[in-house]
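These are the residues of each chain, in order.
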Amino acid sequence: MAATTTVTDSGGMRIITEVIPATDPRAAQLTSASSPSAPAVSSFQVRGFRKAQPKALGTIHIFTGIIHICFGIILTVSEHGTLSLPVASGVLFWLGLLLLVSGSLLVESEKRDNIFLVKICCVVNIGVILSTLVATLVHTTAIAHDIPGCENNMPYQLKAEWCFEAENKMLSNGLDSMFVIFCLLEFCAAVVALAFGYDAIKQHNYTRMAL
């Protein structure tokens with residue numbers, strides 16, 4: 001079947017329409033030129049995710065994760081005998097490790113045009129959001145209660161001498177307050193990463209449906 005050309009005059013303009021059969025080599029060239037490649041679409045969506053500055057967000061998670069782990073080791077060694085609630089729950093360790101993983105993924109997503117990596121970042125940051133909420137609850141509970149070993153469980157119970165030193169409770173509350181602030185910072189960074197990542201994934205899925 002040969003190509004057919006139609007000429008139409010409309011409003012002082014001449015419109016020339018050419019119909020090319022599917023067997024014509026020019027049809028394949030036009031089809032390949034009009035459809036965007038998958039890597040180009042993926043790169044476009046990842047660039048939208050990079051507006052959230054994932055490298056900066058990842059640096060925040062890595063930095064605070066290292067602080068959590070370091071303080072977890074120090075407090076575990078120093079609190080021999082009766083452990084405080086944050087140390088006994090292990091929140092300083094598992095939250096610190098999760099932050100290191102999340103931060104590494106966010107920093108890596110700055111370098112690679114991979115929408116699958118963005119999806120992994122979203123899943124991990126959901127875990128970070130839930131973990132920071134749990135950690136905030138643990139630290140606020142520790143602030144509201146007495147130091148372990150100094151509770152008034154019995155009327156004539158003898159307490160250790162260090163229970164009567166107000167500096168110990170002030171130091172413990174200060175550390176827990178600092179970790180609450182860190183948790184709020186980590187929570188905000190995870191929410192930003194999740195919001196931009198979800199938007200990039202949604203655009204990617206919409207683009208695939210359109211193609």
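Residues numbered from 1 in each chain as written. Predicted model: local features only at pLDDT ≥ 70, side-chain atom pairs only at ≥ 80, totals over all residues. Heavy atoms only, no water.

A. Seen up close, the overall build of the chain. On a plain count of helices and strands, the chain comes out with seven helices and two strands. Burial statistics for the chain: of 211 residues in total, 34% are counted as buried. Contacts spanning at least 24 positions in sequence make up 72% of the contacts within the chain whose residues lie at least 6 apart. Only carbon and sulfur atoms are counted for the fraction: they give 68% of the accessible area of the chain, which is about 13000 Å². (Helix = DSSP H or I, 4+ residues; strand = E, 2+ residues; numbered from the N terminus. Buried < 20%, exposed > 50% of the residue type's maximum accessible area, 1.4 Å probe, protein only. Contact = heavy atoms within 4.5 Å. Areas by Shrake-Rupley, 256 points an atom, 1.4 Å probe, with all protein chains shown as cover.)

B. How the structure looks around the pattern of salt bridges. On inspection of all chains with the given rule, the structure shows one salt bridge. Put simply, Glu 108 and Arg 112 hold a salt bridge, and the shortest N to O gap is 2.8 Å. According to the relative accessible area criterion, Arg 112 is partly exposed, its value standing at 48%. (Salt bridge = Lys/Arg side-chain N within 4 Å of Asp/Glu carboxyl O.)

C. Local environment of the packing of helix H5 (residues 91-109) against helix H6 (residues 115-144). Interhelical geometry of H5 versus H6 gives an angle of 150 degrees and a closest axis separation of 9 Å. With respect to their mutual orientation, H5 and H6 come out roughly antiparallel. Considering only the axes of H5 and H6, their crossing is left-handed. Partitioning the contact of H5 with H6 into residue classes produces 17 nonpolar, seven polar and one charged. (Axes fitted to C-alpha atoms, helices over the stretch in contact; angles between N-to-C directions. Parallel < 35°, antiparallel > 145°, perpendicular 65-115°, else oblique. Left-handed = near helix turned anticlockwise from the far one by under 90°. Nonpolar A, V, L, I, M, F, W, Y, C, P; charged D, E, K, R; others polar.)

D. Structural detail: the side chain of Glu 186. Relative to the elements of secondary structure, Glu 186 occurs in helix H7 (residues 166-210). One buried charge, Glu 186, has no salt-bridge partner; the nearest side chain with opposite charge is Lys 55, at 20 Å. Looking at Glu 186, its side chain comes within polar contact range of the side chain of Thr 64, at 3.2 Å. Those residues within four positions of Glu 186 in sequence are excluded, and the remaining contacts are His 61, Thr 64, His 68, Leu 95, Leu 99, Val 128 and Thr 132. (Lys, Arg positive; Asp, Glu negative; His and termini not counted. Polar contact = N/O pair within 3.5 Å; in protein donor to acceptor, adjacent residues only side chain to side chain.)

E. Focus on the packing of aromatic side chains. This model, assessed by the stated rule, comprises one aromatic pair. Centroid distance Phe 71 to Phe 179: 5.5 Å. Interplanar angle 90 degrees. Geometry classified as edge-to-face. Here the residue Phe 71 occupies a position in helix H3 (residues 54-78), and Phe 179 occupies one in helix H7, the gap between them amounting to 108 residues. The buried category is assigned to Phe 179, whose relative accessible area is 1%. (Phe/Tyr/Trp six-rings, centres within 6.5 Å; stacked < 30°, edge-to-face > 60°.)

F. How the structure looks around the environment of Arg 47. Its location among the elements puts Arg 47 in helix H2 (residues 38-49). On the basis of relative accessible area, Arg 47 is assigned to the partly exposed category, the value being 45%. Separated by 153 residues in the primary sequence, Arg 47 and Ala 200 place their C-alpha atoms 8.5 Å from one another.

G. Region of interest: H5. Taking 1.5 Å of rise per residue, 19 residues should cover 27 Å, and H5 covers 27 Å from first to last C-alpha, within 8% of that figure. Considered for burial, the residues of H5 that qualify are Val 91, Leu 92, Leu 95, Gly 96, Leu 99, Ser 102, Gly 103, Leu 105, Leu 106, Val 107 and Ser 109. (Expected span 1.5 Å × (residues − 1).)

H. Summary view of the confidence of the model for the chain. Of all residues in the chain, 67% have pLDDT values of 70 or greater, and the mean over the chain is 78. Of all secondary-structure elements in the chain, the lowest mean pLDDT belongs to helix H1 (residues 25-34), at 58, while H5 reaches the highest, 94. Considering only residues more than four positions removed or in separate chains, one finds that residues 35-41, a stretch of pLDDT under 50, has five contacts. (pLDDT = per-residue confidence, 0-100.)

I. Representation of unusual backbone geometry in the model. Positive phi outside glycine occurs at Gln 53, with the angle close to 55 degrees. The class of Gln 53 is partly exposed, set by a relative accessible area of 46%.

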